[in-house]
Amino acid sequence: GNVRSKDTTENHLKLAQKTGGVSLTKKKLDHLPTDLLQSELRSVDLSFNRIKELPDSFERLATSLKKLDLSNNVITSLPSSMAQLKNLEKLDAHQNQIAELADDIWGATTSIKQLDLRSNKISRIPDTFQSMTILHTLSLSSNQLSTLPDAFANLTSLVQLDLSSNLFTVIPPILVQMPALRNLNMSNNKIEKVEQEILVESSLVNLAVDGNPCGSDLEHMPGYDRVTLSTQSLICSISRERSRSSINGTIDSSRRATPQDYY
């Protein structure tokens, strides 16, 4: 079985040299194949395998790789060697067992635009995240986060942020300072109160707070003239272009906020 699997992998890689990308999904791999590390590929999909650890060196792959999918494996940490991927634009590592994010990765991987770390065991975001100044979309849903570092405010290109299903008791005040942030998902946390600054001073257009203790007090707050609150799902959408009916708390049925707005 292993010999056939190895042959299949080699065949995939030979083809990949021509296309620039390879999919090795669902191949029962427990590590990155050596041949893969010697390849100059732009896109690698290793999802749905049994990979526990990433290599100490990405070798030739380091400079060429732009898109890496490691989702649905059993990886426990993103090691310092990830810093070698200087041209990486999209990293998907959701549904692993990652508890640690090495500090020295993020100062080097400054080309990342999309980062998906959903469904892991992350409890701390390194200050070095601030180096990813062109990061556009970040998902940290279903982790063990309760705070963000002040340096997070330097993610000046971040438009979409998903912090749902974590341990936040407040919406991090630092998010008010982020000029590009439009879509924020804070659903299914432990938030009891939405601070006025989030409604009045932030650049947010969509804010999801369903599944939190907060909600009913929003209509009495300054800035509510930009908020629609659905009492069934407790999704409030802040919009500067709402019809007047929205101000009274009624929902514009032609444009109901959906979870896709926040991812």
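Peer 1: Looking at this structure, I do not really get the packing of aromatic side chains. What am I missing?
Peer 2: The geometry of an aromatic ring pair is captured by the separation of the ring centres together with the interplanar angle, meaning the angle of the planes. Using the criterion set out here, one finds 1 aromatic pair in the structure. Between Trp-106 and Phe-129 the ring centres are 4.9 Å apart and the planes differ by 55°, which places this aromatic pair in the tilted class. Taken together, the positions of Trp-106 in the loop between β6 (100–101) and β7 (114–116) and Phe-129 in the loop between β7 and β8 (137–139) put the pair 23 residues apart, joining distant regions of the chain. Here the basic side chain of Lys-26 rests over the ring of Phe-48, its NZ or CZ set 5.3 Å away from the ring centre.

Peer 1: For this particular structure, what's the right way to read unusual backbone geometry?
Peer 2: When glycine is set aside, most residues are seen to have a negative phi, and most peptide bonds are trans. Unlike most non-glycine residues, Phe-48 shows phi in positive territory, near 55°. Within the secondary structure layout, Phe-48 lies in the loop between β2 (43–45) and α3 (61–64). Residue classification places Phe-48 among the partly exposed positions, given a relative accessible area of 43%.

Peer 1: In this structure, what is going on with the nonpolar core? I would like to understand it.
Peer 2: Taken as a class, soluble globular proteins show a tendency for nonpolar side chains to be buried jointly. With 66 residues, the main nonpolar core has Phe-152 and Leu-175 as its most contacted residues. Contributions of two or more residues to this core are made by α1 (2–19), α2 (34–37), α3 and α4 (196–200). Those residues in contact with Phe-152, other than ones at most four positions away along the chain, are Ile-125, Phe-129, Leu-138, Leu-158, Leu-161, Leu-175 and Met-178.

The rules behind each value
- Per chain, the residues get numbers from 1 upward, laid out in the order the sequence is written.
- Two thresholds apply to this predicted model, a pLDDT of at least 70 for residue-level local features and 80 or more for giving and counting side-chain atom pairs, whereas whole-chain, interface and lining totals are computed over all residues.
- The side-chain numbers reported here are obtained from all heavy atoms of the structure, hydrogens and water having been left aside.
- Working definition: a ring pair exists when centres of Phe, Tyr or Trp rings (six-membered ring for Trp) sit within 6.5 Å. Plane angles under 30 degrees give stacked, over 60 give edge-to-face, the rest tilted.
- We count a stretch as a helix when DSSP gives it H or I for four or more residues in a row; a strand needs E for two or more, and each element gets its number in order from the N terminus.
- Note on geometry: a ring has a charge over it if NZ (lysine) or CZ (arginine) is within 6 Å of the ring centre and within 35 degrees of the ring normal.
- Burial classes: relative accessible area under 20% of the type maximum marks a residue as buried, over 50% as exposed, and values in between as partly exposed (1.4 Å probe, protein chains only).
- The nonpolar core is taken to be a set of buried Ala, Val, Leu, Ile, Met, Phe, Trp, Tyr and Cys residues, with the residues joined through side-chain atoms within 4.5 Å.
- The criterion used for residue contact is that any of the two residues' heavy atoms lie within 4.5 Å.

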